[in-house]
Amino acid sequence: MKRSVLYAALIIISLQGKLYAQSNDQGWTWFPHTTQTDLVFGMTHNYINIRDFVNIGGCQMILELDNVADFDRLKHLDSILLLLRKDIEFYKDSLEANKGANGLIEYVLTEGYDFKQMRFTRHKPQGDMYVNKQGEISILKIEQDTVKIVLHVKGKEVETYWREKGKLKKSEGKRKFAPQYDIQVMLCLNNYSNIDKVIADSSLLRRAIDTLQITANKRTIKDPVKFPSSSVCWVNKANRSLDIATYKGIIKNQYAWPRNAANRADKITVVPNIGAGIIRNTLAPTAELGLCYYNRRGYQDNEYNTYINLFAAPYFFFDRSSSGGYFVSDNWFVNIEMGGAGEILGIKTKLLTGGIGYLAIEKGGYFKGTTMKAFLNIRMPKCFTISPEVVFTGNLKQVFPGLTVKLFQ
């Protein structure tokens, strides 16, 4: 019996080891798997902890920051835009060669270096589009241009322990360094040249950035990773006042509902579920009720990082009595599972957990003696979960596979 319990524990440990090894591919490492070009022109770290939207100068501006102090780096954003306008002048003819196309201009500044990096991407429209205005034909442009500014900056200085081993000697000690991270500003414009309108209204731009910093969520100021937030800022054209709406969590766009904000705060909640499982050759309904601790740290699609669930799950078997009627034999497992976002058999999932269960209440003789199970829970895209499992019964001497499908987890 002890040896069987040990085998079950080793199965769960190996499943969990696989789980966390795979989770590195979900974008939680500091440098996710990407190309060198993406490292230059994209955001290399995991989390956008602040995403704010500003409607100004006839365009939408999106700020993606790591912490509230990053607003200080944008106090002179108008100066950066002026510099950008000057630096892309050499490419002006190419940008205007196809007036119907929309484009992406990427402009990268790295703290501590005096060079700038640029990339221009043009997208041709689907077909030739024109507009006829009182007999005058002109090219029609529908898609917007995007100007993206990436700032590679240095964070607060931290202390780390290092150890170096050579052929003749070994040295070790502590070292201080300032880790690099990125912040990003995107402007969505009807035409890239409309950036001049934003520059012309620099006083309003600075006031908007100051207001976003002052009205930032207090929890975001204290712990931006755990309590990310978003704000939407509109300019009242009548009196040039600013209206601010703040969300607890990250929203994908300024039109998102508050309930769709991705919040990474730790939570403890009750988790119900129903489904059915194949036990030996019998299809048995099941239901679950669990007490779950989780947080969400993943940037993409609100995926889980840490998920621990303690839950009870009965299987219901229906048997005939001697009088010809039916009665229910409910067998109750007490289970614990843990995991997060992961990948299995090439399928990426927001929630992949492994766990063990113990048969606490037995009826009907479907299980004999001490019974335990090891299982995986794989969250599928359409809000149902597949759970392959291995059951150890007969005082853990008999082993057989099972499969459960759950609907609401």
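Scroll up to find the structure this text is about.
Thresholds applied
- Residues numbered from 1 in each chain as written.
- Predicted model: local features only at pLDDT ≥ 70, side-chain atom pairs only at ≥ 80, totals over all residues.
- Heavy atoms only, no water.
- Pairing = 2+ DSSP bridges.
- Helix = DSSP H or I, 4+ residues; strand = E, 2+ residues; numbered from the N terminus.
- Axes fitted to C-alpha atoms, helices over the stretch in contact; angles between N-to-C directions.
- Phe/Tyr/Trp six-rings, centres within 6.5 Å; stacked < 30°, edge-to-face > 60°.
- Buried < 20%, exposed > 50% of the residue type's maximum accessible area, 1.4 Å probe, protein only.
- Core = buried A, V, L, I, M, F, W, Y, C linked by side-chain atoms within 4.5 Å.
- Contact = heavy atoms within 4.5 Å.
- 1 Å grid on protein atoms, 1.4 Å probe; cavity = no way out; pocket = protein on both sides within 12 Å on 5 of 7 lines; lining within 4 Å.
- Points joined across faces, edges and corners; volume = space filled by probe spheres on them.
- Nonpolar A, V, L, I, M, F, W, Y, C, P; charged D, E, K, R; others polar.

Q: Could you give me a rundown of the pairing of strand β16 (residues 326-344), with the residues and numbers involved?
A: Of the strand pairs in this sheet, strand β15 (residues 306-320) and β16 are connected by 14 bridges, and their pairing is antiparallel. Residue pairing for β16: Y307 is matched across the bridge by G339. Where β15 folds back on β16, the antiparallel hairpin that results is connected by 5 residues, among which G324 adopts a positive phi of roughly 100 degrees. By the bridge criterion, 12 bridges tie β16 to strand β17 (residues 347-361) in an arrangement that is antiparallel. When the bridges of β17 are listed, G342 appears paired with T349. Between the end of β16 and the start of β17, which pair antiparallel, lie 2 residues, with L345 showing a positive phi angle near 55 degrees.

Q: Explain the sheet that holds strand β14 (residues 282-295) residue by residue, including any values.
A: Strand order in this closed barrel of 8 strands is β13-β14-β15-β16-β17-β18-β19-β20, and the pairing throughout is antiparallel. Within this sheet the neighbouring strands show an average axis-to-axis angle of 25 degrees, counted without direction. By the bridge criterion, 8 bridges tie β14 to β15 in an arrangement that is antiparallel. Opposite Y294, over in β15, you have Y307 as the bridge partner.

Q: Before we move on, can you summarise the packing of aromatic side chains with the specific residues and values?
A: Within this structure, the stated rule accounts for 10 aromatic pairs. Residues Y91 and F120 carry aromatic rings whose centres are separated by 4.0 Å and whose planes lie at 15 degrees to one another, so their mutual orientation is stacked. Remark: F120 occurs in strand β4 (residues 116-123) and Y91 occurs in the loop between α3 (77-87) and α4 (92-95); sequence separation between them is 29 residues. Centre to centre, the rings of F317 and F367 are 6.5 Å apart; their planes meet at 70 degrees, and the pair counts as edge-to-face. Here F317 is found in strand β15, whereas its partner F367 is found in the loop between β17 and β18 (372-379), with 50 residues between them in sequence. Here F317 and F367 have matching classes, each one buried.

Q: Lay out the nonpolar core with the relevant residues and their values.
A: Counting residues in each nonpolar core, the largest one holds 41 residues, and the members touching the most others are L77, L81 and L187. Put simply, the parts of the chain that give this core at least two residues each are β1 (50-56), β2 (59-65), α3, β3 (102-110), β7 (145-154), β10 (180-189), α5 (195-200) and α6 (202-214). Not counting chain neighbours up to four residues away, the residues in contact with L77 comprise M61, I149, V185, L205 and I209.

Q: Explain empty space enclosed by the protein to me, using residue names and the numbers behind them.
A: Space left empty within the atom packing is revealed by a probe, the size of a water molecule, rolled over the atoms. For the coordinates displayed, the defined rule picks out 3 cavities of 30 Å³ or more. A volume near 70 Å³ is recorded for the largest cavity. Along its surface, the largest cavity is lined by 13 residues, and E288, Y315, K373, E389 and K406 are the ones closest to its centre. Those elements that provide at least two residues to the lining of the largest cavity are β14, β15, β18, β19 (385-393) and β20 (398-406). Across the lining of the largest cavity, the residue classes break down as 4 nonpolar, 5 polar and 4 charged. Its boundaries defined by the atoms lining it, the second largest cavity holds a volume of some 40 Å³. Surrounding the second largest cavity, I50, D52, F71, L212, A216, S229 and S231 form its lining. Counting residues per element, the ones that place at least two in the lining of the second largest cavity are β1 and β11 (229-235).

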